[in-house]
Amino acid sequence: MRVEDNKRQGSFDYWQNLFVHQNMLTIRYTAWNEFLTLGLGTVVSDVDMPVNTPVNWQADTVPHHLQFITELSVKDYLKRLELEPSTISNLLQIIATYNPTQEIIILLTRKGKIEIDLLQRLAIPRWLVISKYVNAGMNFSFARQPKGGANE
């Protein structure tokens, strides 16, 4: 499978930026919390948004499954998505060198399409995200995997 290659990387549709914006707190919390526990990796979200159905991004919550896949397991995960070897190689290099204190690698899937982004210059400080979740007493159930284990 090929990752869409448009002028702006990852612009195969309009919804991705809106989805990330709507879910940034959870994405950021997942990325940091799982990095501390499991090490380098990528946040993956399988988005279950109907095709050709309008979404009110101010009010609607788009169903999705968020997980963190470690650097050791991401190659197998990407192979299951049938990505081209060059795409897998490029992403593995990015995962090995990104700065998790300032960046998030996110892979979005929806209806067989894939977008991979490196989020940088994050507007919401990590400490604020963590304090919001801790203060709210929120408990999240992330699809975790053991270090080096495959994630189905």
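Refer to the structure printed above.
As a starting point, this report considers the structure included with it. Just so we're clear, the structure is a prediction, and the values are computed from it rather than from any experiment.

### Focus: empty space enclosed by the protein
Move 1: Evaluation of the coordinates by the stated rule reveals 1 cavity of 30 Å³ or more.
Move 2: Estimates place the volume of the largest cavity at around 100 Å³.
Move 3: Along its surface, the largest cavity is lined by 17 residues, and Ala 31, Trp 32, Pro 100, Glu 103 and Ile 104 are the ones closest to its centre.
Move 4: Listing elements by their share of the lining of the largest cavity, those giving two or more residues are α2 (24-38), β1 (41-47) and β3 (104-110).
Move 5: Considering every element that reaches the lining of the largest cavity, the biggest residue donor is α2, with 4 residues.
Move 6: By residue class, the composition of the lining of the largest cavity is 10 nonpolar, 4 polar and 3 charged.

### Describing unusual backbone geometry
Move 1: Positive phi, normally seen in glycine, also occurs at Lys 111, with a value near 50°.
Move 2: If you trace the backbone, Lys 111 turns up in the loop between β3 and β4 (113-119).
Move 3: Although it is not a glycine, Arg 121 adopts a positive phi angle of roughly 50°.
Move 4: Mapped onto the elements, Arg 121 comes out in the loop between β4 and α5 (126-136).

Thresholds applied
Residues numbered from 1 in each chain as written. Predicted model: local features only at pLDDT ≥ 70, side-chain atom pairs only at ≥ 80, totals over all residues. Heavy atoms only, no water. 1 Å grid on protein atoms, 1.4 Å probe; cavity = no way out; pocket = protein on both sides within 12 Å on 5 of 7 lines; lining within 4 Å. Points joined across faces, edges and corners; volume = space filled by probe spheres on them. Helix = DSSP H or I, 4+ residues; strand = E, 2+ residues; numbered from the N terminus. Nonpolar A, V, L, I, M, F, W, Y, C, P; charged D, E, K, R; others polar.

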